[in-house]
Amino acid sequence: EFQFQITKTSIAPKIDGRLDDEAWQRAPSAGNFHLKWPRDGAPAPAQTEVHCIYDDKFLYISALCQDTGMTYVINSLKRDVGYWDSDGFGVVIDPANNANNGYFFGLNVAGAQTDALLSNSNDWDTNWDQVWYCETHKEMTNWSVEIAIPLRILRFDQNNTTWGINFVRNDLSNGVYSVWARVPFQFDGLDMGWTGAMKWDAPPHRVKGNYNLIPYAITAASKDFEAKEDWKIKPNIGMDAKIGIGSGMNLDLTLNPDFSQTEIDEQVVNLTRFDVQLPEKRTFFLENADLFANFGIPPIRPFFSRTIGLDEDARAVPIWGGARLTGNINKDTRLGLLTMQTGKQDSTPARNYSALSFNRRIFGRTTISGYFLDREAYDKGERLKNEYSRNAGIEWFFISNNGKWMNWLTHHRAFQTGVNSKNWWGNFGGQYSTRKFNIMMDVTRMTENYRANMGFETRIENYDVTLDTVFRIGYNFIFNEAAYRIFPKKENSRLNFIELSGQNFIVLNPDGSFNEWSPNIGCTWNFRNTSEFNISTAPFMADVPVSFKFDDEEDLTRCPAFPAGRYEHANLQAEWSSDYRKRFFWKMGAAYGGFYDGEQLAVSGEILYRFQPVVNISVKMAYNDLAFPQPYCDVAFWNVTPRVEVFFARNLWWTTFLQYNTQTDNFNVNSRLQWRFRPMSDLFVVYTDNYAVQIWGPRSRALVAKANYWF
């Protein structure tokens, strides 16, 4: 039903957003878009007509987007930012037509680009960046798009003449999202299991010569006030390279990489007894990251690239260089190879980090995947024999052809000197999704000697404050959740749907005894104007095995730690967000109730104003007041994060980000100017400043200028 033929053109269209080129007049079209959100199946209120043609170098796509209102929403002019919160158009491309891996190219009505790699687990990796071209043009009752995608950046079998494809339209004036090939409500609009077919009139020819060199030069001036050091000025150079190998593989090389232009982490208030996983933001580690980073489940990741370039105390160590080979060996098999070398710094030895992974489609959309990780330590070029850390695992992931059923089964092991038992973990689970109903369950067993020195595990280490000791305690947990959606019968209802949901998290000790129980029951009202209200209740019960505390007071006599033992509490939470299409957007939330032996009042909020499309001003705030009985100390934490973004053009923007966090006793300023002076080539100027909140004294300061050029 959803298929069309693409034809070759002898005259390339001019990419200016206007659809007056002769080539478009004779091109076959795809239209009759269908609603994806907030309802599915019905014809879209504002239709879209798409044409596709090609020549020896490019795939060309045009779209005429009808509009019933001229109030466009433009969230950002920055690449890869705010696509879903803007009026826009995008295309999903699956060259192998096997619903496993593909590409997404999208742009908003102002022409700001978003490109991403897609995988069958509905992950999209916007850190994959390539050079492609697009423009838009606005009329009174419509706006139009022209896109030119170089064939050399796509990996495909030139003997395959049928590609999976779908087109996505963001029509925020009507508050809807529509697609060309129907996608049921419960699935992501980019789900490759629901693409149509693009049939080539002749086999497309693979374009050779897909390689890029990206050298950089940097000058950094920095001062560490706490160490009482003088200003230091440090110039540096390095280079990245991207090389296409065959029809489906990419080789990425980096020499003396520098990540000073990467945006700083957004600080969070941590009220758990365990570490918080912050996301990786360094570009080199993010492209094709799913081949390594998707193993495991969110609280347990055997591979986490932030461990590369950091010591055990999260301090930076130099990275000398590395290589990564990733991509498709054939239409059913993906392969990943990575190796990185770091240098010695203080007591941390030089280390090599290597990873091997594969992903094999065995039938339908079902895959089996595996990995092997190896971290080795070196001193003066000699390998330290007993300093290795290795991990291996294998995973089965089943998706039915219609996407309703999923199930998974995994097994993971760690290998270290002197550890021969209780060094594994595994899990199994399943999920069933329909338009109205979703249910999921996962069962995990973690043994106490499992270590992921190249990864992240959230709760096996239990820090005892009184003894100043970490105890490794294995666990078993059962997590299940269910949701039921109620759709109004009236077409003109103010509601999109009501969702009733529940989660249940049970943790058992290795011997099967009780450890923790934390269920959550909630209800969400999603409105036609895109606003949303949620209310939930969350009881909690735990037999905590170690002493703990939430304040940073080191004097245990004045502020003692809470002892190990049974704790029970419950709280009520509510959150309300406004219409995100408006130039003024707000979100506010509150929680009140018990918190271990005391009480908690938590208030959070966010406001955003867009001087569209030039300036975005936002402020996020979180306040937590924890009141405890004597002799324990009360605690109050503030986390306030203002942000100002100024878009001078699609290739020039300035962002200033402030963070005031009393839990970490830090006030941070990060201001970054980025000028994309040619495609994928940038000049960065970054200023950072850190202050201690309690004494309001400077900690560190730096000014960095960096330029990279994409050959």
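Structure: above.
Description of the structure in this document.

Rules behind the numbers
All residue numbers refer to positions counted from 1 along the written sequence of the respective chain. Local features in this predicted model are restricted to residues whose pLDDT is 70 or higher, and side-chain atom pairs enter the listing and the counts only when it is 80 or higher, whereas totals over whole chains, interfaces and linings include all residues. Hydrogens and water molecules were not included; the side-chain quantities draw on all heavy atoms of the structure. Pairing of aromatic rings covers Phe, Tyr and Trp, the last counted by its six-membered ring, and requires centre-to-centre distances within 6.5 Å; plane angles under 30 degrees mean stacked, over 60 mean edge-to-face, and any other angle means tilted. By definition, any uninterrupted DSSP run of H or I lasting at least four residues is a helix, any uninterrupted run of E lasting at least two residues is a strand, and each is numbered from the N terminus. For a ring to carry a charge above it, either NZ of a lysine or CZ of an arginine must fall within 6 Å of the ring centroid while also lying within 35 degrees of the normal to the ring plane. In the sections that follow, a salt bridge refers to a side-chain nitrogen of Lys or Arg positioned within 4 Å of a carboxyl oxygen of Asp or Glu. Relative accessibility thresholds used throughout: buried, under 20% of the residue-type maximum; exposed, over 50%; partly exposed, between the two (1.4 Å probe, protein chains only). For two strands to pair, DSSP has to find at least two bridges joining them. For this analysis, a nonpolar core means a set of buried residues of the types Ala, Val, Leu, Ile, Met, Phe, Trp, Tyr and Cys, connected via side-chain atoms within 4.5 Å. Residue contacts follow a heavy-atom distance rule, with two residues in contact if any of their heavy atoms lie within 4.5 Å.

Digging into the packing of aromatic side chains
Then, number 1: Taken as a whole and assessed by the stated rule, the structure comprises 60 aromatic pairs.
Then, number 2: Measuring from ring centre to ring centre gives 5.7 Å for F104 and W124, while their planes differ by 65°; the resulting arrangement is edge-to-face. Taken together, the residues span a long stretch of sequence, with F104 in strand 7 (residues 101-108) and W124 in strand 9 (residues 124-125) at a distance of 20 residues.
Then, number 3: Judged by centre distance (6.1 Å) and plane angle (40°), the ring pair of F259 and F285 falls under tilted. Taken together, the residues F259 in the loop between strand 17 (249-255) and helix 2 (283-286) and F285 in helix 2 connect sequence positions 26 residues apart.
Then, number 4: The ring of F185 has K36 sitting right over it, with the charged end atom 5.7 Å from the ring centre.
Then, number 5: We note K706 situated over the ring of Y216; from NZ or CZ to the ring centre the distance is 4.8 Å.

Comments concerning the pattern of salt bridges
Then, number 1: Summed over the entire model, instances satisfying the criterion amount to 28 salt bridges.
Then, number 2: A salt bridge links D252 to K242; the shortest N-O distance between them is 3.1 Å. With D252 in strand 17 and K242 in strand 16 (residues 232-245), the pair connects residues that are 10 residues apart, well separated along the chain.
Then, number 3: Residue classification places K242 among the buried residues on the basis of a relative accessible area of 15%.
Then, number 4: Among the ionic contacts, a cluster of salt bridges with common partners joins D374, E376, R383 and R390.

Re the pairing of strand 39 (residues 615-627)
Then, number 1: With 13 bridges joining them, strand 38 (residues 598-611) and strand 39 adopt antiparallel strand pairing. Considered in strand 39, the bridge of E606 is made with K620.
Then, number 2: Hairpin remark: strand 38 followed by strand 39, antiparallel, with three residues in the connecting loop.
Then, number 3: Judged from the 12 bridges that link them, strand 39 and strand 40 (residues 635-649) form a sheet pairing that is antiparallel. Bridging across to strand 40, L626 finds its partner in V635.

A few points about unusual backbone geometry
Then, number 1: Cis rather than trans, the peptide bond between W37 and P38 has omega equal to 5°.
Then, number 2: As for its position among the elements, P38 is in the loop between strand 3 (34-37) and strand 4 (48-54).
Then, number 3: Following Q630, the chain continues into P631 via a peptide bond in cis, with omega recorded as 10°.
Then, number 4: Tracing the backbone shows P631 in the loop between strand 39 and strand 40.
Then, number 5: Even without being glycine, Y596 reaches a positive phi, approximately 50°.
Then, number 6: Tracing the sequence through the fold places Y596 in the loop between strand 37 (584-595) and strand 38.
Then, number 7: You can call Y596 buried: its relative accessible area is 7%.

Topic: the nonpolar core
Then, number 1: Grouped together as the largest cluster of nonpolar side chains are 45 residues, with contacts concentrated most on I61, F105 and F167.
Then, number 2: At the level of secondary structure, the elements contributing two or more residues to this core comprise strand 1 (3-8), strand 4, strand 5 (58-66), strand 6 (88-94), strand 7, strand 11 (142-150), strand 12 (162-171) and strand 14 (196-200).
Then, number 3: Beyond its immediate sequence surroundings of up to four residues, I61 is in contact with W24, V50, H51, C52, F89, V91, V145, E146, I147, I149 and F167.
Then, number 4: Counting residues in each nonpolar core, the second largest holds 27 residues, with F285, F295, I308 and V507 among its members.

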